[in-house]
Amino acid sequence: MRTLLAGAVLLGAVLLGAALGAAFSADAVALAGGTAASPSHPVVLVGIGGLRWTDVSPTATPVLWRLAEEGSVGTLVVHTIASRTCPADGWLTLNAGARATVPHGASGRCPQPRVTLAPPAAPGSARAPGVPVAADVPSLPFLTRYNRQFHYSPDWGLLESAAGNGQCATAIGPGAALALAGPTGQVADYLPSASAASRSSFARCPLTVVSLGAVPAASGSAAAAVRAAAVRADDQALGRIVADLPTGAITAVFAPGDDTSPHLRLIAVDGPGYATGLLDTASTRQPGLVQLTDLTPTVLRWRGQPAASGAVGSPLLRADRGSLPAEIRALIGQDTAAQVYRATWGWFFAVFVAAELVVFGVIAVALRGRPQKRGRRRWAAARVAGVAAGAVPAGTFLASLVPWWLLPHPAAALYALAAAWAIVITVVALAGPWRRDPMGPPGVVAAVTLATIGLDVMTGSRLERSTPFGLSVLLGGRFYGEDNNTIGIYGAAGILCAAWLAAMALRAAASRSPGGSRSPGQIPSPGGIPSPGGTSWGGRRGRGVLVVSAVALFAVIASGWPGFGAKVGGTIAMVPGFVLLIMAVAGVKLTARRVAFAALSGVGLFAAFALVNYLVPVTGHSDIGFFAGQVLHGGAGGTLRRKISTNIASLTTTPYNLLIPLIVAGLGLLLLRPDRLGAGALSRAWRTVPLLKVSLATIWVMAILGWFAEDSGVGVPGATLPFILPLAIAIVAGAASRGEEPPSGHTGAQAAADGPASAAVDGPATAAWHQPADDRPASG
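Colleague: Which parts of the structure should I look at to understand the packing of aromatic side chains?
Modeller: Given two aromatic rings, their pairing is described by the distance between the two centres and the angle made by the two planes. Considering all chains together, one arrives at 16 aromatic pairs under this definition. Judged by centre distance (6.0 Å) and plane angle (90 degrees), the rings of Phe352 and Phe469 are edge-to-face. Remark: Phe469 occurs in the loop between helix 14 (440-458) and helix 15 (484-512) and Phe352 occurs in helix 10 (residues 324-366); sequence separation between them is 117 residues. With respect to burial, Phe352 and Phe469 carry one shared label: buried. A connected cluster of aromatic rings, assembled from ring pairs, spans Tyr341, Trp345, Phe348, Phe349, Phe352, Tyr415 and Phe469. The cationic tip of Arg285 hangs over the ring face of Tyr480; the distance from NZ or CZ to the ring centre is 3.8 Å. Between the NZ or CZ atom of Arg478 and the centre of the ring of Tyr480, over which it lies, the distance is 5.3 Å.

Colleague: I'm lost on the environment of Ala552 in this one. Help?
Modeller: Mapped onto the secondary structure, Ala552 falls in helix 16 (residues 541-560). In this structure, the C-alpha to C-alpha distance between Ala552 and Leu581, residues 29 residues apart in sequence, is 9.8 Å. Discounting chain neighbours no more than four positions away, the residues touching Ala552 are Ile557 and Phe578.

Colleague: What is the right way to look at helix 17 (residues 568-586) in this model?
Modeller: Because the α-helix completes a turn every 3.6 residues, residues three or four places apart line up on one side. Relative to the 27 Å expected for 19 residues at 1.5 Å per residue, helix 17 spans 28 Å between its end C-alpha atoms, a close match to the ideal helical length. Burial of helix 17 is extensive: 17 of the 19 residues sit out of reach of the surface. Downstream of helix 17 by one or two residues, Gly587 has phi in the positive range, about 80 degrees.

Colleague: How do you make sense of the packing of helix 23 (residues 692-709) against helix 24 (residues 715-737) when you look at a structure like this?
Modeller: Relative placement of two packed helices is described by the angle separating their axes and the distance separating the axes. Interaxial distance between helix 23 and helix 24 falls to 10 Å at its minimum, and their mutual angle equals 170 degrees. On the basis of their axis angle, the class for helix 23 and helix 24 is roughly antiparallel. Where helix 23 approaches helix 24, its residues Leu692, Leu696, Ile699, Ala703, Gly706 and Trp707 are matched on the opposing element by Val716, Pro717, Ile724, Ala728 and Ile731.

Colleague: Help me out: how do you make sense of the state of the cysteines in this one?
Modeller: One way to say it: the disulfide is the covalent bond shared by the sulfur atoms of two cysteines. Counted according to the given criterion, the structure contains 2 disulfides. Note on cysteine connectivity: Cys86 is disulfide-linked to Cys110, with sulfurs 2.1 Å apart. Taking the torsion about the sulfur-sulfur bond, which here is approximately -75 degrees, the covalent link between Cys86 and Cys110 counts as left-handed. Pair noted here: Cys86 is in the loop between strand 2 (72-77) and helix 3 (87-96) and Cys110 is in the loop between helix 3 and strand 3 (116-117), with a separation of 24 residues, a long-range link. Paired through a disulfide, Cys168 and Cys205 show a sulfur-sulfur distance of 1.9 Å. Every disulfide takes its handedness from the sign of the S-S torsion; for Cys168 and Cys205 that torsion is -115 degrees, giving left-handed. On the criterion of sequence distance, the pair formed by Cys168 in the loop between helix 5 (158-161) and strand 5 (169-172) and Cys205 in the loop between helix 7 (199-203) and strand 7 (207-211) is long-range, its members being 37 residues apart. Listing the disulfide partners of the protein chain by sequence rank of the bonded cysteines yields 1-2, 3-4.

Colleague: Would you take a moment to explain the pattern of salt bridges for this structure?
Modeller: Opposite charge on two side chains permits them to pair, given that their charged atoms come into close proximity. Enumeration according to the criterion identifies 11 salt bridges in this entry. Across the pair Asp335 and Arg52 runs a salt bridge, and its minimum N-O distance is 3.9 Å. One end of the pair, Asp335, is in helix 10; the other, Arg52, is in the loop between strand 1 (43-47) and helix 2 (62-70), with 283 residues separating them in the sequence. A relative accessible area of 9% places Asp335 in the buried class.

Colleague: What exactly am I supposed to notice about the side chain of His41 here?
Modeller: By the secondary structure assignment, His41 is in the loop between helix 1 (2-33) and strand 1. By relative accessible area, His41 is classed as buried at 13%. A polar contact is formed between the side chain of His41 and the backbone oxygen of Gly248, at a distance of 3.0 Å.

Colleague: Would you explain helix 20 (residues 637-649) in this entry?
Modeller: Taking 1.5 Å per residue, 13 residues should reach 18 Å; helix 20 reaches 18 Å between its end C-alpha atoms and fits that length. Of the positions making up helix 20, those classed as buried are Gly638, Thr639, Arg642 and Asn647. Buried residues of helix 20, seen end-on, are gathered within an arc of 165 degrees and therefore sit on one face of the element. Across helix 20 from its buried face, at more than 90 degrees, point the exposed residues Ile644 and Ile648. Buried residues in helix 20 make contact with helix 19 (623-632) and helix 23.

Colleague: Got a minute to help me understand a nonpolar patch on the surface in this structure?
Modeller: A grouping of Leu611, Val612, Leu615, Val616, Val618 and Leu632 is seen on the molecular surface, where their side chains present a nonpolar patch of about 480 Å² in accessible area. Top contributing element to the nonpolar patch by residue count: helix 18 (residues 592-615), with 3 residues. Relative to the assigned elements, Leu615 resides in helix 18.

Colleague: Hey, could you run me through the pairing of strand 4 (residues 133-136) in this one?
Modeller: Across a regular strand the side chains alternate sides, sitting on one face of the sheet and then on the other. Where strand 3 and strand 4 come together, 2 bridges link them in antiparallel fashion. When the bridges of strand 4 are listed, Leu117 appears paired with Ala135. Across 3 bridges, the pairing between strand 4 and strand 6 (residues 186-191) is antiparallel. The residue of strand 6 that forms the bridge with Val133 is Tyr190.

Colleague: Can you walk me through the side chain of Thr293 in this structure?
Modeller: Note on placement: Thr293 falls in the loop between strand 11 (289-291) and helix 9 (295-302). If near-sequence neighbours (up to four positions away) are discounted, Thr293 is found in contact with Thr93, Ala98, Arg99, Val312 and Gly313.

Colleague: It is not clear to me how the packing of helix 17 against helix 23 should be interpreted in this structure. Could you clarify?
Modeller: Closest axis-to-axis distance for the helix 17/helix 23 pair is 8 Å, and the angle between their directions is 160 degrees. Between helix 17 and helix 23, the crossing angle belongs to the class labelled roughly antiparallel. In terms of crossing hand, the pair formed by helix 17 and helix 23 is right-handed. Residue-level contacts link Gly569, Ile572, Ala573, Met574, Pro576, Gly577, Leu580, Leu581 and Ala584 of helix 17 to Val694, Thr698, Val701, Met702, Leu705, Gly706 and Ala709 of helix 23.

Colleague: How should I be thinking about unusual backbone geometry in this particular structure?
Modeller: Trans is the prevailing form of peptide bonds, just as negative phi is the prevailing case for residues other than glycine. Within the chain, Ser153 stands out as a residue other than glycine whose phi angle is a positive 55 degrees. Along the chain, Ser153 turns up in the loop between helix 4 (140-146) and helix 5. Positive phi values are uncommon outside glycine, yet Arg285 reaches one of about 55 degrees. Counting through the fold element by element, Arg285 comes out in the loop between strand 10 (277-280) and strand 11.

Colleague: It is not clear to me how the pairing of strand 2 should be interpreted in this structure. Could you clarify?
Modeller: Most of strand 2 is tucked away: 6 of the 6 residues are buried. Looking at chain direction, strand 2 and strand 9 (residues 265-270) are connected through 5 bridges and run antiparallel. Bridge pairing links Leu76 to Arg265 in strand 9. As judged from the 2 bridges shared by strand 2 and strand 10, these two strands associate in the parallel manner. Each bridged residue has a counterpart across the sheet, and for Val73 the counterpart in strand 10 is Leu278. In terms of strand pairing, strand 2 meets strand 11 through 3 bridges, oriented parallel. Bridge assignment links Thr75 to a residue of strand 11, and that residue is Leu289.

About the criteria used
- Residue positions are counted from 1 within each chain, in the order its sequence is given.
- Owing to the predicted nature of the model, reporting of local features is limited to residues with pLDDT of at least 70; listing and counting of side-chain atom pairs is limited to 80 or more, with chain, interface and lining totals taken over all residues.
- The basis for every side-chain value is the complete set of heavy atoms in the structure, and neither hydrogens nor water enter the calculation.
- Pairing of aromatic rings covers Phe, Tyr and the six-membered ring of Trp, with a centre-to-centre limit of 6.5 Å; geometry is then stacked below 30 degrees between planes, edge-to-face above 60, and tilted otherwise.
- A run of H or I in DSSP becomes a helix once it reaches four residues, and a run of E becomes a strand once it reaches two; helices and strands are each numbered from the N terminus.
- Burial classes follow relative accessibility: with a 1.4 Å probe on protein chains only, a residue under 20% of its type's maximum area counts as buried, one over 50% as exposed, and anything between as partly exposed.
- Lysine and arginine charges are scored as sitting over a ring when NZ or CZ, respectively, is within 6 Å of the ring centre and within 35 degrees of the ring normal.
- The contact definition used throughout considers only heavy atoms, calling two residues in contact when any of these lie within 4.5 Å.
- Expected helix span is given by 1.5 Å per residue-to-residue step, counting one fewer step than there are residues.
- Helix axes are fitted only over the stretch in contact, all axes being lines through C-alpha atoms; the angle between N-to-C directions runs from 0 to 180 degrees.
- Here the word oblique covers every angle except those under 35 degrees (roughly parallel), over 145 (roughly antiparallel) and from 65 to 115 (roughly perpendicular).
- Only a pair of cysteine sulfur atoms within 2.5 Å qualifies as a disulfide here.
- For this analysis, a salt bridge means a side-chain nitrogen from Lys or Arg found within 4 Å of a carboxyl oxygen belonging to Asp or Glu.
- Counting of polar contacts relies on pairs of N or O atoms within 3.5 Å, with two restrictions inside protein: one atom must be capable of donating a hydrogen and the other of accepting it, and residues adjacent in sequence are counted only when both atoms are side-chain atoms.
- Summarising the geometry, the arc corresponds to the directions from the helix axis toward the C-beta atoms.
- Two joining distances apply to patches: 9 Å for like charges and 5 Å for nonpolar side chains (Val, Leu, Ile, Met, Phe, Trp, Tyr), and every residue must have over 30% relative accessible area and no salt bridge.
- Methods summary: accessible areas were calculated by the Shrake-Rupley approach with a probe of 1.4 Å, and residue burial reflects only the protein chains presented.
- One requirement defines pairing of two strands: DSSP has to find at least two bridges between them.
- Here a crossing is called left-handed whenever its near helix is offset anticlockwise from the far helix by less than a right angle, and right-handed whenever the offset is clockwise.

Dropping the structure here:
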């Protein structure tokens, strides 16, 4: 009965949080929906490969500057499949409304599509100037077969269909031909270059796509001059196009791909509904940041055509903006942050992990020995080091409270701010009134980490963008919610925070119960947990259950609700961890049926979120709802195959990844038999620190589930280990430095008989949780 009541309370809280999330999402959708352009406008798309906002100025590109002043601007994520996106990849992606690519290397020249013109109707007759002719992209059938391996379900010819039934679409330039070709490669109306077009070329069809010359990379002073000349030439060509536009046309100028290195690219839209604004889209939820895959559904909307069920993007909308120079500076800052992430991410994790190994190794070696004083120093140093290391992820997120990407040395500013925040968190954790509790400082770090990530996710994920543990904008994977590098840290922080707060609640209940009083100023022992008895609902354990339920509510709603994080794998992995922790606090003995319920609880909640998001559009656009639509309409096979293949491939992404499964398996054995593996300190900490055993066990389970539920695979536990292991060491060190080891032969049952003790939590409910058969204290 107590368990059912606890579940009812938690379910009610989840529904309340969901309702609040829906209200926020509804407001956002209503605001965005009021700024959409009217349908059935002539549309002209102009692509300039490699173009960036750093190329634009009133003097160098007067036409583009004027178009940006009058229209809406943004940065464009052009990533499709490979690490570098060639312009041909972008044109092919526009064609199909889904990510696609042509074969090419990570460096070198990008391939150009070959276009063949249809022969004249009469042999020897001349073609009329400015009149489009039929053409063919002979490589398209091969490209359709080539892209099947990536499982993105492209809808070939989707962009061309935006013109409407019985309407034509004109392609000007080879890239445009690739964008408007049908599934067999046929292009009905084609001109080889913008110089061959006339005013009538832009008026004869309601949809026109133009590919201008790609901008070369600037790797030196001579190359920079060549790039500047190419930008000027493209701007002059754009001026001729703008002068020939039909009345009421919507014009979009964008870069369909990179030059030699990945960057965020330029996009500007001018026309009805986009005056003097900032581009926005539901696919990123980041003002000023849009994706290449958003363009095809946007053109369909501009032309008044129904949205394609397989298109993965969202229409471009307009938001308010300030002055154009200030906005362009902010857009350039977005790319600066993305470049800092790309250049430093790998080095950061290598240095971070190496520093942890070195610091803990030095502590173990320099302070080794038997003298009691030296042992206490070793444990004290390990505690400080563990808390400091655990504070680093939250520090990297909080660093973005300052716009470091606009500072003169952005990378140095990011890591200096992150270090400063980590120090502040460490000092607060070690200096507060909770410092005498072994789980206190790590619990504070976990609480700060949980609150930082959760509140950021609920308010737009601004702090996570382009930070080491956060979202990689250039890769185009996620733009809101937690990244796969973050979800394990977030879930581990939630479980550890919940366990710490529950233990405090239970100790407070014990101190107020008969026989649990303490003298003034006396700090209750971490083992001071009330026994399962009690006359109120759930006994005194009900307080702990409610505390864990409240933390679980915040963590799961922030991460999983479609209007906030919309994290699929995170929901599947986190919910079972919290359910198991609630069972342990409530004193529920684990059975096969209950373990099965816990394991499937995350899948069940994810399914509920997905159906609500799909069936109730007011909850907003998200990956969860899109996947639900695929499942209901039979289109989820490609997505699942892609996720599975990416998960398996994660094992070989780096040499370190091959070690992660072995490390995770070793940690599982350590949790199962700590004494036999020489971890006597861990075994003793379990008997003195309430809920430590169950919290570490549930974090391990959550990491395993995240491994298989997220497409990044072993990356989830791999990113979690540098966070949770130092905090676990800090807890064990805190318990050891206080010398809180029960006397020899002092078992959990005897502790319960002595009064309020940790056996009430780590007793019957967790006896099935990795409890060693030999419960005697280990020596050493």
